[in-house]
Amino acid sequence: MTDTAAPAEQAWTAPTATRPLNARVRLPGSKSQMARALILTATATSPSTIVRPLYSRDSLLMVEAMRSLGARIDTTNEDRWTVEPATFDGDVDIDCGLSGTVMRFVPPVAALAHGQVRFDGDPHARKRPNSGVIAALRALGVTVEDGGEAALPFTVLGKGTVRGGEVIVDASQTSQLISGLLLAAPRFEQGIDIRHEGPPVPSAPYLHMAAHMLREAGAEVEISANRWRVSPARLPGREWIIEPDLQNAAPFLAAPLIAGGSVTVEGWPQTTTQPGALLPDILADMGAQVSRDEDALTVTGGTEISGIDLDLSHASELTPTLAALCAFADGPSHIQGVAHIRGHETDRIAALARELSGAGSEVLETDDGLIIHPQPLRDTTFHTYADHRIAHAGALLGLGVDGVELTDVACTSKTMPEFVAVWESMMGARP
Ligand SMILES: O=C(O)C1=C[C@@H](OP(=O)(O)O)[C@@H](O)[C@H](O)C1
Ligand SMILES: C=C(OP(=O)(O)O)C(=O)O
């Protein structure tokens, strides 16, 4: 099992395709559904099960966070975890690692604890924006000590209960601020009534995911323009079935556009709230053929990759993979609407501009995205900045360019510890 410490760096030369692909891959579970399921099961009134759980650094950090708050989580059966609800004891430490979901979803739950809950994380996690979560908790009557920094490390002084009610937030830097408040809100005395004021909230599908899972758990959720309401409730435990992570499908499904041939991802859901569901249309627009066969999605590469003009505000995690793909296109591409990914695991706009330029691409950084003019590509040392999705971009680049050496691929353990194994098996699959 992956442990929750930051992984030791591991350099990796990305394998280059020597023949068209012909692979079927099965991907591990959705990080985002796991995070929500763990919060909802730990705050439920009776035990739950989580089927097809994700073993990755982020999900195990969330498991440890819920255990610290008194939940009993049995992870020994790898297909089915059981969760007994939290007891909300206080005086505990929570390691957020580099996980946005842990640092934004757990503080509202920690406010229900009887005592102090201290949060910290990896060095870069201290730079990720968290002022919205801290301000919202204070507005809801919770005491948070942050040394004036409005970021990790901070301490939530739980009183065993949270008033809840109306709160105004600016969630333009991360949708996770709203998801986190919504998920804990059934346990608040007055539930919650959130209004967002500010530039648009990114990653909207994740708010639908939070609302959808809350409703499945039995909560009353009302949504109107920039307003989300959850009524107070005691929600019983239940069974959660986790879908494959469709955002992690991105580099695998983009691979045949570069290498030729086809890649099939098994277990593609018929309907989903995951933003990776936008991939088939985006890849088709870039020249791929996409087909579905029951629960499998297959992408087949075409003869050329078309440059594209894309607003990725709904699916910003796809930016690294798609930016790398754009470097192989037959014309320029413009990716926009993703200003907030400068606050993700690293400043992804700057990192992509730097690393793709290092491979010969002409890349212009804009405030909210990238303009990519494809040029002949060459070998490079591809820095990954502890960011799993920048590593995915490097792997994809290496598929079409000999000698792309990633400074670290171990960072993929954040959401997919088996990334290298699945990538290499995709490349080794025989026609
Ligand atoms: O709620 C979630 O599970 C997530 C929301 C998004 O965050 P942002 O709104 O910060 O993009 C996404 O990028 C992240 O990987 C997962
Ligand atoms: C932005 C991401 O993660 P986090 O949940 O840490 O924000 C991501 O996985 O692309």
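Residues numbered from 1 in each chain as written. Chains lettered and ligands numbered in written order. Predicted model: local features only at pLDDT ≥ 70, side-chain atom pairs only at ≥ 80, totals over all residues.

Our working rule: UniProt positions are given in the numbering used here, feature names are shortened, and annotations may be inferred rather than shown by experiment.
Looking up the chain in an unreviewed UniProt entry gives the name 3-phosphoshikimate 1-carboxyvinyltransferase, with the organism given as Natronoglycomyces albus. According to the UniProt record, the Subunit (unreviewed entry) comment for the chain reads "Monomer." If you open the UniProt record of the chain and go to Catalytic activity (unreviewed entry), you find "3-phosphoshikimate + phosphoenolpyruvate = 5-O-(1-carboxyvinyl)-3-phosphoshikimate + phosphate".

Points about the sheet that holds strand β3 (residues 48-51)
Note the threshold: By this definition, two strands are paired if DSSP reports at least two bridges between them. Runs of H or I in DSSP of at least four residues are treated as helices and runs of E of at least two as strands, each being numbered from the N terminus. Under this scheme, a helix contributes an axis fitted over its contacting stretch, all axes are lines through C-alpha atoms, and angles between N-to-C directions fall in the 0 to 180 degree range.
An order of β4-β5-β3-β14 is seen for the four strands of this open sheet, with the pairing classed as mixed. Only two strands of the sheet have a single neighbouring strand rather than two, namely β4 (72-74) and β14 (239-241). Neighbour-to-neighbour, the strand axes of the sheet open up by a mean angle of 15°, direction not taken into account. Direction of pairing for β4 relative to strand β5 (residues 80-84): antiparallel, over a ladder of three bridges. Counted as the bridge partner of D74 is T82 from β5.

Section: the sheet that holds strand β12 (residues 221-224)
Whenever strands of a sheet pair, they do so through backbone hydrogen bonds, lying parallel or antiparallel. Taken together, the four strands give an open sheet; going across it, the order is β10-β11-β13-β12, and neighbouring strands pair in mixed fashion. Unpaired on one side and paired on the other, β10 (165-169) and β12 mark the two borders of the sheet. Strand after strand, the sheet turns through a mean of 15° between neighbouring axes, direction not considered. Where strand β11 (residues 192-196) meets strand β13 (residues 227-230), four bridges bridge the pair, whose relative direction is antiparallel. Looking at the pairing, R195 lines up with R227 of β13.

Let's talk about the UniProt feature "domain: Enolpyruvate transferase" (unreviewed entry) in the chain
In the numbering used here, UniProt assigns the "domain: Enolpyruvate transferase" (unreviewed entry) feature to residues 17-422. Segment residues 17-422 splits into 29% helix and 24% strand. End C-alpha atoms: 15 Å apart.

Some thoughts on the UniProt feature "active site" (unreviewed entry) in the chain
Using the following cut-off: Whether two residues are in contact depends on their C-beta atoms, placed from the backbone: they are in contact if these lie within 7 Å.
Mapped onto the present numbering, the UniProt feature "active site" (unreviewed entry) falls at E317. Leaving out residues up to four positions away in the same chain, E317 has contacts with Q247 and R389.

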